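Descriptive structure summary
What follows is the residue order along each chain.
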Amino acid sequence: MRVRLPHDAGVSLIEILVGISILAIVAFAVTLSVQPPADPLQVEATRLAVRLDQASQEAIATGQPVGLVIGGFGETYGFYRYVDGRWWALSDHPTLRERQLPEGVQIDLSGSFAPVDADAGGAVFPAFWFDPAGLTEPFRLRLQSSDHAVEVARDGAGTILVSELG
């Protein structure tokens, strides 16, 4: 006697391919979510580069110089605008207000600029500033931690570059 099986018995090739595709998508999502943590020095250098570019655009847009002031032995920095013969902190600006660097990260200006400190009258003077006409001189800043350093530089064309130092 012959036994007939129904045609719906078993798993079709399409069902197997759909299952494999779902597993591949899940594996890809897991791979993307398990990335090594970012280097805090590189993150801060990139953040500083973006903020420097924003300061340059702010100077051009407002027609007033915007300068970078380094404080706290290189552990903080902020942007200031020159108005009425004095440098004023941009404390109300969403991206250019003072920033505290993570522990162990410092901005080093040695060899590039004169030391920047408040004088006896409490006035500050920026390490450099962005000219409202876009004629800012090239500069170099070094962000360093205990094990390595990153340079943030502005070239003559106005491009801000971030590069790892050996």
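These remarks concern the structure in this document.

Rules and cut-offs
- Residues numbered from 1 in each chain as written.
- Predicted model: local features only at pLDDT ≥ 70, side-chain atom pairs only at ≥ 80, totals over all residues.
- Heavy atoms only, no water.
- Helix = DSSP H or I, 4+ residues; strand = E, 2+ residues; numbered from the N terminus.
- Contact = heavy atoms within 4.5 Å.
- Polar contact = N/O pair within 3.5 Å; in protein donor to acceptor, adjacent residues only side chain to side chain.
- Pairing = 2+ DSSP bridges.
- Axes fitted to C-alpha atoms, helices over the stretch in contact; angles between N-to-C directions.
- Buried < 20%, exposed > 50% of the residue type's maximum accessible area, 1.4 Å probe, protein only.
- Lys, Arg positive; Asp, Glu negative; His and termini not counted.
- Salt bridge = Lys/Arg side-chain N within 4 Å of Asp/Glu carboxyl O.
- Phe/Tyr/Trp six-rings, centres within 6.5 Å; stacked < 30°, edge-to-face > 60°.
- Lys NZ or Arg CZ within 6 Å of the ring centre and 35° of its normal.

Tracing the sequence through the fold places D155 in the loop between β8 (149-154) and β9 (160-165). C-alpha separation for the pair D155 and E137, spaced 18 residues apart in sequence, amounts to 8.0 Å. Non-local contacts of D155, meaning those with residues more than four positions away in its chain, are made with P138 and L161. In terms of polar contacts, D155 uses its side chain to reach the backbone amide nitrogen of T159, at 2.8 Å.

What follows is about the sheet that holds strand β5 (residues 106-108). Spatially, β5-β7-β8-β9 is the arrangement adopted by the four strands of the open sheet, whose pairing is antiparallel. Taken across any chain shown, the strands that pair with only one partner, and hence form the sheet edges, are β5 and β9. Recorded for the sheet is a direction-independent mean angle of 25° between the axes of neighbouring strands. Two strands pair when backbone bridges link them, and β8 and β9 are joined in this way by six bridges, in the antiparallel orientation. Considered in β9, the bridge of A153 is made with L161. Lying on the sheet, helix α2 (residues 40-62) is in contact with β5, β7 (139-144), β8 and β9; it crosses β8 at an angle near 15°.

Turning our eyes to something else, we now look at the side chain of R51. On the secondary structure map, R51 appears in helix α2. Buried and without a salt bridge, R51 has E44 as its closest oppositely charged side chain, separated by 6.7 Å. With residues up to four places along the chain from it excluded, the contact list for R51 reads Y77, F79, T95, L96, R97 and R99.

Below, the discussion takes up the packing of aromatic side chains. Two aromatic rings are characterised by how far apart their centres lie and by the angle between their planes. Taken as a whole, this structure holds seven aromatic pairs when the rule is applied. Taking 6.1 Å as the distance between ring centres and 90° as the angle between the ring planes, the aromatic pair formed by Y77 and F79 counts as edge-to-face. Residue Y77 is classed as buried on the basis of its relative accessible area of 1%. On the accessibility criterion, F79 (1% relative accessible area) is buried. Grouped by ring-pair contacts, the aromatic residues Y82, W87, F125 and W129 constitute a single cluster. In this structure, R86 packs its charged tip against the face of W88, placed 4.2 Å from the ring centre.

The next subject is the pattern of salt bridges. The tally for this structure, following the rule as stated, stands at five salt bridges. R142 is the partner of D108 in a salt bridge, and the nearest nitrogen-oxygen pair spans 3.9 Å. Remark: R142 occurs in strand β7 and D108 occurs in strand β5; sequence separation between them is 34 residues. Of the residues examined, R142 reaches a relative accessible area of 36% and is grouped as partly exposed. The partner of E151 in a salt bridge is R140, and the shortest N-O contact between them spans 3.1 Å. Of the two residues, E151 is situated in strand β8 and R140 in strand β7; the sequence distance between them amounts to eleven residues. In the salt-bridge network here, residues are joined through shared partners; they are E44, R47 and R99.

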